[in-house]
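Geometric and topological summary
The residues making up each chain are set out below.
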Amino acid sequence: MDCADQNPMPDAANFRRPPEVVMRLARMGSFHQTRLSFMRSLLRRLKNEDWKFKRNLWAIDEQGFGRAVYTVYGPERNYSLVAFSHDLPDEMRSDRVIATAWDTTFSLYDGIPTTADLDRLEQNVPKQEAGRISDSELSLSRANRSVRLWQHVVARLSAGRQPDCDQLEAVGYLVRTTAVYGSGKFGAADRLSIAGRPEVSAPFQAELLSVWLTRAFSLDLVEHIARARGGDQAVAIEPEMRRRVGVGNSTGLGMAPFLINHPALLNNWMMAREEALARVRALPQAETEAIADFKRHFERACFNVSQWHSEHPIQIEKLGALRADLELMASYIADESLSEDHPWDRFYRWAEASLSLEGQEQLVSLLLEPYGELVDELTQCMDADEHLAFFIDGAMPVARLCEIIETRCQWALQVDYGQLENRARFWYTSAEKLEPRVGERFHEPGAEYELPLAIGYDIKQMHAALTVWEGGQTTAEFLLLHPEHRHTARRVQNLAVRPYAEIQDNLIAADMLPIDILRCKLSFFGATKFDPRSDRWVRICMYQDAPFPHELLAAAP
Amino acid sequence: MSYRLTLAETETSLRKVARACGLDWGIAEEAGKAARWLAAFNLPGPETMLAHLLQLSAKDYRAFIPQGSAQPWHASGGLLCPIITGAALADRSAQMLEGKVFTLGPTAYPLLLAATVGQAARCHQTVFTTAWAGVRVSCFENGLSIEGDLDDLLLTRVDAVSCQQDDLSSPQQLPSTLAYAIDEEIVKQIDKLAFKTYAPATEASRAGAGAGLTDND
């Protein structure tokens, strides 16, 4: 579904930020979760459709090892998280994607598994990439304990005491996932098989459902072990503190090319987010209730930022700016009337002139909060058929192809790639890790393995090649003799109809920060507490403060 | 032994094999899509694609492409590549939609050509039919149908092929699958070739991409 198909506010188009403003890495790397984020839209659906929940199996021994099944029951279909908990020696514990053993491993089963299914999965899921799952499984994932916090929580609960709030806040989760695989990987069901199901057709719904249930499992497991150790004196975590426990994730370069390799999807995510912001900015007035709601969310954001820590210099600086921005915003809210004409647009324009990118994007998220009725429907147009972006219009004259580049790709043409720092990097797949990596073109071997992710450079190369062709010749004729530009021609033609499809920055520049790409994607998931550990991997928290399945959903019989 | 290859794995792997065999990424993408499309209808797309790419490997691209615009199309090396030629035909969809019939001379693995052109049929929500020897393969938006002599389907080379828009009112759609059963030995060959697109590790690539070896915090 296209956003344009459901536009109750034609006026919003006048308030939409153009791609050249939005699609910059520095801004994308400052995105925060919004109410359109996939975790939030998932939980909204489960609640609105009155899904049910049941822990169908808990076969975990006193050491905390064994298997469990968590099932959510929908109006038409059920889904089950199958969880395995293992004895993992400390020396084998690693968040690297190349690890071979984990504390816990998971698969989201399409339906309710039989014992035979569980036995089959127990032979494969703990091996992760080295195992095979089937058409009946929608995801494959793993998580390791945060050892420090885990031991603390078990010790406290088993002794009948609550965990220390500061220690719990400092980490934010008991287990940390790494890769969560779906969509046909390692034998899992192809995306095609679930694309027609409304509950999982939006991006990453199956994967994020598995993560939500993983969080519940992690809390149940820690309380189970505490009870086994402490017996009658053991206690459960108090509900309010329990909700402050999310589930962590470590994500590196492997995820970065996804946004570049899915231009139609990226366009639709961005379009939905920008349309949502534009609709709010286009509102001529703000109702009292909406202003109050905004202020509540603002207070919440201030608290969350106070709990957001990072040791990485880049993020420390950004957090400092964000905290200053929040103070400025607080003054604005106190001093400026939000009952004037187009108050949210005024607020946004003030922010654009006064705040850092972190603060501006925090405001974007906050502005959407009071307006679920206006913007939530946009989540319906955030999936995409990537095949539609695959088609090349071979009849397009070369002159038109050039025109698209010249009007939409100045960001690519303006870069002087003769300067070595402007093509200092190259993206490749590592034979050792089987994952995408970034190399130094002029200092490392391997540039001959370069992946087609140097989009700006490639566009400029194609533009140069096109200049010697007659304007009336066709793209088909050009590409037959220049197959090396076929990938780029596809992307350029796509830009004419999907203006937010490309990151408008140099992805092979010496100063490019892969964590900006990661943060953009993870913010669409709904992640919080971005904590970069270098310029190329990041830790995050998911589902912190979200309700648990037994809180959000009624018990299944 | 049979191995269950998902469609996503089929597309990704064959794209990499095509790249490893010397095709540019944009054409390699067509190869991945075509292999996936055939596998989705239980046709031997991955195996056929592998066989074709192996014979293409390390040879001059220009020897396999159509020369000039005169019909039937011919390759200077004697045999048209079905991926490159299929992509060239897909790029000329507009002419086929206007009724033009394209004819080709000697062509390798015409089933691969039908599947590559078929990707454009999906986008245009129309039917493109490719015919050779005694068989006709029609691709449409969500399906594929085959008429004629099935023995000709997997010919490794034919002397004449035609390609045009068609009007199938009630096509006999083949049943589709989400995972393709394939000989495990062929998967090993595919994986081995795909692996050639990966860069060997260096000291620098080992540093900095993730957490340290222990992560017990």
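Computed from a predicted model, the values in this text were never measured in an experiment.

Cut-offs applied
- Residues numbered from 1 in each chain as written.
- Chains lettered and ligands numbered in written order.
- Predicted model: local features only at pLDDT ≥ 70, side-chain atom pairs only at ≥ 80, totals over all residues.
- Helix = DSSP H or I, 4+ residues; strand = E, 2+ residues; numbered from the N terminus.
- Buried ≥ 20, exposed ≤ 12 C-beta atoms within 10 Å, placed from the backbone.
- Contact = placed C-beta atoms within 7 Å.
- Rg over C-alpha atoms; globule rule 2.2 N^0.38 Å.
- Expected span 1.5 Å × (residues − 1).
- Axes fitted to C-alpha atoms, helices over the stretch in contact; angles between N-to-C directions.
- Parallel < 35°, antiparallel > 145°, perpendicular 65-115°, else oblique.
- Nonpolar A, V, L, I, M, F, W, Y, C, P; charged D, E, K, R; others polar.
- Domains from an automatic or database assignment.
- Pairing = 2+ DSSP bridges.
- Core = buried A, V, L, I, M, F, W, Y, C linked by C-beta atoms within 7 Å.
- Arc of directions from axis to C-beta.

With respect to the overall build of chain A
The number of helices and strands found in chain A is 23 helices and 12 strands. Expressed as lengths along the three principal axes of its C-alpha atoms, the size of chain A is roughly 85 × 60 × 50 Å. Split into buried and exposed, the 557 residues of chain A put 50% on the buried side. Long-range contacts, defined as pairs at least 24 residues apart, comprise 76% of the intrachain contacts of chain A with a sequence gap of at least 6.

A closer look at the overall build of chain B
Within chain B, the secondary structure is distributed over 8 helices and 9 strands. By the compact-globule yardstick of 17 Å for 217 residues, chain B fits well, its C-alpha radius of gyration being 19 Å. For chain B, the spread of C-alpha atoms along the three principal axes comes to 65 × 40 × 35 Å. Per-residue burial over chain B gives 50% buried out of 217 residues. Counting contacts in chain B only where the partners sit at least 6 residues apart, residues at least 24 apart contribute 68% of the total.

Digging into unusual backbone geometry
A cis amide bond, omega -10°, links Q71 of chain B with the succeeding residue P72 of chain B. Summarising the element assignment, P72 of chain B is placed in the loop between α3 (45–56) and α4 (82–91). For K529 of chain A, which is not a glycine, the phi torsion comes out positive at approximately 55°. Checked against the element boundaries, K529 of chain A lands in strand β10 (residues 528–532). Residue classification places K529 of chain A among the buried positions, given that 21 C-beta atoms sit within 10 Å. Unusually for a residue other than glycine, Y543 of chain A sits at a positive phi of about 65°. Within the fold, Y543 of chain A resides in the loop between β11 (538–542) and α23 (549–552).

Overview of helix α5 (residues 147–158) of chain A
Residue and element names in this part refer to chain A. Between its first and last C-alpha, α5 extends 16 Å over 12 residues, near the 16 Å set by a 1.5 Å rise per residue. Among all positions in α5, only L149, W150, V153, V154, R156, L157 and S158 are buried. Buried residues in α5 make contact with β5 (137–145), α6 (165–171), β6 (173–181) and α8 (205–230).

Comments concerning the packing of helix α2 (residues 25–40) of chain B against helix α6 (residues 110–124) of chain B
Residue and element names in this part refer to chain B. Viewed as axis vectors pointing N to C, α2 and α6 meet at an angle of 100°, and their least axial separation amounts to 8 Å. Taken together, α2 and α6 sit at an angle that is classed as roughly perpendicular. Mapping the contact onto sequence places E30, K33, A34, W37 and L38 in α2 and L111, L112, A115, T116, G118 and Q119 in α6. In the contact of α2 with α6, the residues fall into 6 nonpolar, 3 polar and 2 charged.

A look at the domain arrangement of chain A
Residues and elements named next belong to chain A. Domain boundaries assigned for chain A yield domain 1 (3–30 + 263–383) and domain 2 (38–252 + 545–555). Contact with domain 1, which involves 5 residues of that partner, is made by 5 residues of domain 2. Of the residues assigned to the side of domain 1 that touches domain 2, the class counts are 2 nonpolar, 2 polar and 1 charged.

Details of the sheet that holds β10 of chain A
Residue and element names in this part refer to chain A. In spatial order, the strands read β10-β11-β7-β6-β5-β4-β3-β2-β1-β12; together these 10 strands make up an open sheet with mixed pairing. Because the sheet does not close on itself, it has two edges, and the strands there are β10 and β12 (554–555). Across 6 bridges, strand β4 (residues 104–109) lies against β5 in antiparallel orientation. From the neighbouring strand, T104 faces β5, where its bridge partner is A143.

Considerations on the interface of chain A and chain B
On the chain B side, the residues contacting the 56 residues of chain A number 42 residues. Elements supplying a minimum of two residues to the side of chain A that touches chain B: α5, β8 (425–429), β9 (436–440), α20 (475–481) and α21 (486–497) of chain A.

What to know about the nonpolar core
Residues A31 and V117 of chain B are the most contacted members of the largest nonpolar core, which totals 226 residues. Per element, the largest residue contribution to this core is 12 residues, and it comes from α8 of chain A. When near neighbours in sequence (up to four residues on either side) are disregarded, A31 of chain B contacts L14, R15, A18, L23, M49 and I83 of chain B.

Examining helix α14 (residues 343–354) of chain A
All names here are of chain A. If you check α14, its first and last C-alpha atoms are 16 Å apart, about what 12 residues at 1.5 Å a residue would give, namely 16 Å. Within the sequence span of α14, burial applies to P343, W344, F347, Y348 and A351. Mapping the buried residues of α14 onto a view down its axis gives an arc of 135°, with all of them on the same face. Those residues of α14 that are buried lie in contact with α11 (263–281), α13 (313–335) and α15 (357–368).

Thoughts on the sheet that holds strand β4 (residues 127–132) of chain B
Hydrogen bonds between backbone groups are what pair the strands of a sheet, and the pairing can be parallel or antiparallel. All names here are of chain B. Within the open sheet, the 5 strands sit side by side as β2-β8-β4-β5-β6. Their pairing is antiparallel. This sheet does not close on itself; its edge strands, each paired only once, are β2 (102–104) and β6 (143–148). The average angle at which neighbouring strand axes cross in this sheet is 20°, direction not considered. Taken together, the 6 bridges between strand β5 (residues 135–140) and β6 define a ladder with antiparallel strand orientation.

Quick word on the packing of α21 of chain A against α2 of chain B
Their axes nearest at 5 Å, the elements α21 of chain A and α2 of chain B cross at an angle of 80°. Between α21 of chain A and α2 of chain B, the interaxial angle falls into the category roughly perpendicular. Taking contact as the criterion, the partners of R486, H487 and R490 of chain A in α21 of chain A are, on α2 of chain B, W25, G26, I27 and E29 of chain B. Residues belonging to the contact of α21 of chain A with α2 of chain B are distributed by class as follows: 2 nonpolar, 2 polar and 3 charged.

Points about the environment of G78 of chain B
Residue and element names in this part refer to chain B. Within the fold, G78 resides in the loop between α3 and α4. The exposure class of G78 is exposed, given the 12 C-beta atoms found within 10 Å. Considered as a pair, G78 and R92 are 14 residues apart in the sequence and their alpha carbons are 22 Å apart.

Some remarks on the environment of V82 of chain A
In this structure, V82 of chain A sits in strand β3 (residues 78–85). On a C-alpha basis, the gap between V82 of chain A and S534 of chain A in space is 33 Å, while along the polypeptide they are 452 residues apart.

Comments concerning the pairing of β5 of chain B
Residues and elements named next belong to chain B. A large share of β5 lies buried, amounting to 5 of its 6 residues. Bridge count for β4 against β5 is 5 bridges, and the pairing is antiparallel. Bridged to F128 within β5 is C139. Hairpin connection between β4 and β5: a loop of 2 residues separates the two successive antiparallel strands, and A133 in this loop has a positive phi of roughly 40°. Hairpin geometry of β5 and β6 is characterised by an intervening segment of 2 residues between the two adjacent antiparallel strands.

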